[in-house]
Structures are given as C-alpha cells and as structure tokens.
Amino acid sequence: MRDLRGDVKRTLGLRLWLSGGWLTILALAALCAPLLAPKDPLMQDLFLGRMPPFWMDGAEPGYLLGTDSLGRDVLSRILYGARLALIVALVAGTLTCFVGATLGLIAGYYRGWPDRIISRFVDIWMAFPPVLFAILLIAVMGTGLLSIIIAIVIIDWTRFARVIRAEAMTQGAMDYVASAQVSGQTRFSTMLTEILPNVLPTIVVLLTLEMGIAVIVEAILSFVNLSISTDSPTWGGMISEGRTSVHQAWWVLVFPLITLFLTVLSFSQLGEGLKDRFDPVLR
Amino acid sequence: MNGYLSIRNLTVRLKGGGTILRDVSLNVAAGQVHGLMGESGAGKSMIGKAVLGTLPRALDITSGQIWLDGVDLQTLPPAERRNRIGALAALIPQDPLTALNPSRRIGPQITRRLVDILGWKRQDAAKRALELLNEVHIPDAPRVMRSYPHELSGGMRQRILIASAFAAEPKLIIADEPTTALDVTVQKQILHLISEMQARHDTALLFVTHDLGVMSKVCDTLSVLYAGKVVEEANMPRFFMRPIHPYSAALLAATPTYTDPTSSLTPVPQTVVDQVEREVMEHDLRTAS
Ligand SMILES: Nc1ncnc2c1ncn2[C@@H]1O[C@H](COP(=O)(O)OP(=O)(O)O)[C@@H](O)[C@H]1O
Ligand SMILES: [Mg+2]
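In this text, all values refer to a predicted model and were calculated from it rather than measured experimentally. (Residues numbered from 1 in each chain as written. Chains lettered and ligands numbered in written order. Predicted model: local features only at pLDDT ≥ 70, side-chain atom pairs only at ≥ 80, totals over all residues. Heavy atoms only, no water.)

Some remarks on a nonpolar patch on the surface
Residues and elements named next belong to chain A. The following threshold applies: To count toward a patch, a residue needs a relative accessible area over 30% and no salt bridge; like charges are then connected within 9 Å, while nonpolar side chains (Val, Leu, Ile, Met, Phe, Trp, Tyr) are connected within 5 Å. Here the accessible surface of atoms and residues is derived via Shrake-Rupley with a 1.4 Å probe, and residues count as covered only by protein chains that are part of the display. Salt bridge, as used here, is a side-chain nitrogen of Lys or Arg placed within 4 Å of a carboxyl oxygen of Asp or Glu. Secondary structure elements follow DSSP: runs of H or I no shorter than four residues count as helices, runs of E no shorter than two count as strands, and numbering proceeds from the N terminus.
Taken together, the side chains of L136, V140, M141, L146 and I150 present a nonpolar region at the surface, about 490 Å² in accessible area. Taken together, the elements giving at least two residues each to the nonpolar patch come down to helix 5 (130-141) and helix 6 (145-172). Considering each element in turn, the nonpolar patch owes the most residues, 3 residues, to helix 5.

Here is the structure:
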C-alpha cells in the first residue's frame, strides 16, 4: 500500500514553498525598493502618461509594467506599495492575533464571568458592519499608519476571540487538562502549557489569514482615500486610480490587483501549510 | 468503617438546580479494591472527579466530606488540596485518547507529577519513566517515550496512562471504566495489568465499571449507584449470594455471565426501576424540606 502521508506531505510542501516564495520576494521588494525600483514612484511625466507594459506596441523602454495617467512607473509604485502592505500585515496581524487569541483563550478556558464579559463584547462587535466600522474609526482617529493598524485590531480581534474560545473550550474539557490539574498545576499555567500548544496550529492559520485581511483592509481604506497620505504609493490607491481609466490603460488596475490577490492568497496558503507542519498528527 | 478514602454524605448539585450525587457515602480501605457499579449516567465519574477535584465547573459540592488519608479535603486551601491529591491519588481514565496531550511527547507526560509535585530532576524522572514502561510491559520503551500519543494504539496508550498513574506511588487509584474504550481483545490484558499493578504497589483502588463480570474478578467490596444515590454497599461474596436491594438483584440477573449464556438478557424489570426512582424522589423530598 502506498503511504498516503507521503503524498499529503509533498503537496503541503509545494504549497508552503510557493506561498513562502512569493512572500519572501515581496519582503525583499519592500526592503530594497529604493534599489530595485527602476524609477522614482512619485515622479510624474505627463508626456509619458498611460504607456503600456513592455510587450505591447508603443511601450516606453524602462517602464516594464507601463505607466499610469500621470506618467508614474507602475512597477516602481507596486514595489514601494509592498512596504506599507507588509508593515500593516505584520504589525496589525500580530497585534490583532495577540489581543483576540488572549481574550479567546481566557474566555474559553476560564469560562464563568470572564467568558460572559468577553463573549458579550464579541456579540456587540459582530453587530457592526466591519468596513463601515473601519471607515468610522479612521474618520475619528484621522488617517495615518497608526490609525490603520489600530482600526484593524479593533475591528478584527473578535475573529480570533471567537474561534480560539471554541477551541480552548474543547481542549479544556479533555481529560489531559484535568490530569494536569491533579498534578498540582495552577489554572493559569495549565492554560499556557496544556491548552495553548494545542490551539497554536489554529492561531497560526488565523494569524496568516489575518495578515492577508489586513492587506485587504488597508487596500480598501486606500481605495476610499482614507489610508496614509495620498502621495506614498499604496496598492489600494493604485487600484482606485486605475479603475477610472481601465478601458484606456487596464494595466494600471490589473498589476496591483494581481499583486494584492497573490499576496492575500499566499498568506492564507502559508497558514494552511504551517498548520499541517505544526499538527503532531501529520508531522 | 473508616477507609483510606472515605466519602461521607457527599451531595453534588448542578449550579442551575438538579442533583447529580445524593448523599453518597463510600469507603475504600487501604490496599483494597472497591467497585463502583451503576448504569451510564448514574454519577460514577462525578464521584471520581469530586475526589480528584476536577468536577466540571457547572457542578458544586454542596455538602459532605471527602476524607483522604485522614484529612478532610474540603477543609484545605485550594493549592494545598491540589498538591495533596496530586501526591496521594491518581486517575486511570476511561478514554486514553483524550487523556494524553496530543502535542507533547509521552516521556514527560508519564512523570509530570514527579517533576511538578515531588520536585524530581528530569533525568531521574526519565529513568523512572523507563522503569514504569517496563513494568507495564511496553516493549522498546525508549522509543515510546519519544513518541507522540497519536503514534500509539489505544491499548498502548492505556498502558502508558497506567504507568503514569502509578508513577508517584499514590496510595489511591481511581480507575474510571478503564477498558470501556478499548478493543475487546486488549480489555482483558489491561484489566489484568491493573490488578497486577494494584497488588504489587499495594494501592487502594476505586474501580468504576458497569460490567459486573469484570467487577467480580477484581473487587473486594462494591457500591451500587443509581441516579446519584448509593442503593447498596457490600463485600463481593455477600453481594453475589444475597443482594439486599432489588435493583442489585435485578442487575445480577441481567448479567449474562451469571445466567445461562444461551438465554436472552433479562432487562431490569420495570417494577424495580419504579422502586429505585421512588426512593430517589423520597430522598430528594426529605432533603428539600
Ligand atoms: N459538565 C457537566 N455539566 C452538567 N452535568 C453533567 C456534566 N457532566 C455530567 N453531567 C451529568 O452528571 C450525571 C452523571 O454523569 P457521570 O458521572 O458522567 O455518569 P457515569 O455514571 O456514566 O460516569 C449525568 O446525568 C450527566 O448528565
Ligand atoms: Mg462515566
């Protein structure tokens, strides 16, 4: 009989490599944007507006992915846009995860009044439409990187809290948790040493998913002009600008859109792949 | 009667109302095996959990005492109670799958009490774990210690949990239907192993089961539980010769081992069920007033 586990491992490996590869490229692009970018992302040249990408007729040498209506280099803007996207993904994703998972773990394991309070907050939160909530928050706090990050944490911690609470409840009912307590462990240390390692795979999946979501939220906010100042390039801003001229210059819209799509997809695939790595049953 | 474990008039209630254990008293003498018999849902597991201090949070001990080695556990502050229970008592659980932490290797799970409560060094604990694994007849012990629970069969996991229960030389072991979740083929071996370990280590054993046949082989005394109420407490020979309560008699009659194996099973007659239900109700009325 063939060992199916081997097959599972191989496809998992491929998924991990592809998504990890794309994110590594992106991280390098973000770090080395000034070195890699062929042009200044802000430089306008009205004589070079809406130049097509390199393989099409009328392409301008040096502008690989074409230019937008103001004559700015699309490739350079995508590279610089990766900076903001990744900072938001890492910082907002991690903070959201930390806040939400901590509250979910406490609610699910301790139950009782901590659970009642946290679950009540989650219920109230879920009643707000997230995008409107985000726009409202930014409107109150003002635009800027910090506001975006805070908005994402405030909106999305419930995603972690809900899922991790349910998982912690399931794990908490298992006999091994009871036996840890009979071994003289306190509730708090049982939570950290017994429950946490078993919900960690889920946390990792949610975390990477959240990083993808953070990228999307940032893009949405840029799209409605509520992200950072408009002159630093963002993928959402580019998509928003590209939308108006999609019939004359599709590349202004399509390239940032593809980048965004691949990035969000990679984050979620990375999560799935890592989860299986973490899972003792598949390891 | 005053046992190593002595439960006196223990009442456990659901926080919302509802009684789970009704005035339960039972004794497990040092080095003896006491059977706890009752149908599913009677409250057998909750007795074990009450002793070990692992009752579900929805349940409360509302009255009664649990004496372990001459100390009423209810009078101790929580941390001291945990340590005392951890040092003196241990559980062999019903389901060996959920009783081991899936993300930890076997070795440290066997000896965690030695390290956590008794303050052993890790190397000493590892040596002890090897001894224990040999004692429960696990071949290739060093490899098993490095495995994760999912890599082992149900029977192996139960052997490991038995080793773990005996690790800190507790004086009381609670075995909660330790063979119910296992294949029929390994049930006998596990049962045999528990008896062997109990005799060698001279521990008191509270043996929970709903199988009278099993009980007759391992126990010295027993209690019969119905709806959280002890309906009969007896020693084994007396119980089999002259059960006092009609429910006990009906249980005996319902067990195929003690009737002609070719005959069909006799269910507990409705009149007997009605009688115990009435007794339980009368008990509730008496305690409510
Ligand atoms: N977590 C819980 N919350 C509330 N009631 C429970 C809980 N667990 C068990 N019970 C109730 O306690 C009673 C006794 O259960 P248990 O001791 O597990 O029975 P058994 O004799 O089969 O071991 C059952 O009626 C069950 O409904
Ligand atoms: Mg039970």
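So much for the structure itself; the text now carries on.
Examining the site of ligand 1
Residues and elements named next belong to chain B. The condition that has to hold: In this text, near means that some heavy atom of the residue lies within 4 Å of the molecule or strand in question. Any N or O atom pair separated by 3.5 Å or less is treated as a polar contact, with the protein-specific requirement of one donor-capable and one acceptor-capable atom, and with residues adjacent in sequence counted only for side-chain atom pairs. In this classification, Asp, Glu, Lys and Arg are treated as charged, Ala, Val, Leu, Ile, Met, Phe, Trp, Tyr, Cys and Pro as nonpolar, and every other residue, Gly included, as polar.
Around ligand 1, the surrounding shell consists of L14, I20, E39, S40, G41, A42, G43, K44, S45, M46, P56 and L59. Contacts to ligand 1 include M46, whose backbone N or O atom sits 3.0 Å from an oxygen atom. Within the complex, the protein chains bury 63% of what would otherwise be the 570 Å² of accessible surface of ligand 1. Looking at the shell around ligand 1, the element that brings in the most residues is helix 1 (residues 44-52), giving 3 residues. For the shell around ligand 1, a count of residues per class yields 6 nonpolar, 4 polar and 2 charged.

Observations concerning the packing of aromatic side chains
For the record, the criterion: Under the pairing criterion, centres of Phe, Tyr and Trp rings, with the six-membered ring standing for Trp, must be within 6.5 Å; the plane angle then separates stacked pairs below 30 degrees from edge-to-face pairs above 60, leaving the rest tilted. A 1.4 Å probe rolled over the protein chains alone gives each residue an accessible area, and that area as a share of the maximum for its type sets the label: buried under 20%, exposed over 50%, partly exposed in between.
Under the definition given, this model contains 11 aromatic pairs over all chains. Between A:F54 and A:W55 the ring centres are 5.2 Å apart and the planes differ by 85 degrees, which places this aromatic pair in the edge-to-face class. For A:F54, a relative accessible area of 52% gives the class exposed. Judged by its relative accessible area of 48%, A:W55 falls in the partly exposed class. Aromatic pair B:F239 and B:F240: ring centres 5.7 Å apart, planes at 80 degrees, arrangement edge-to-face. Among the aromatic residues, those joined into a cluster by ring pairs are A:F54, A:W55, A:W250, A:W251 and A:F255.

Observations concerning the sheet that holds strand 9 (residues 221-226) of chain B
What holds strands together in a sheet is hydrogen bonding between their backbones, with the strands either parallel or antiparallel. All names here are of chain B. Here is the rule we go by: Here, any two strands with at least 2 DSSP bridges between them count as paired. Lines fitted to the C-alpha atoms define the axes, with helices restricted to the stretch that makes contact. Angles between their N-to-C directions range from 0 to 180 degrees. Two residues form a contact once any of their heavy atoms are found within 4.5 Å.
Spatially, 6-7-8-3-9-10 is the arrangement adopted by the 6 strands of the open sheet, whose pairing is mixed. Because the sheet does not close on itself, it has two edges, and the strands there are strand 6 (89-92) and strand 10 (229-235). Recorded for the sheet is a direction-independent mean angle of 15 degrees between the axes of neighbouring strands. Pairing between strand 3 (residues 33-37) and strand 9: 4 bridges, direction parallel. Note on strand 9: the bridge partner recorded for L36 is S223. The strands touched by helix 11 (residues 246-254) are strand 3, strand 9 and strand 10; relative to strand 9, the strand with the most contacts, the crossing angle is about 105 degrees.

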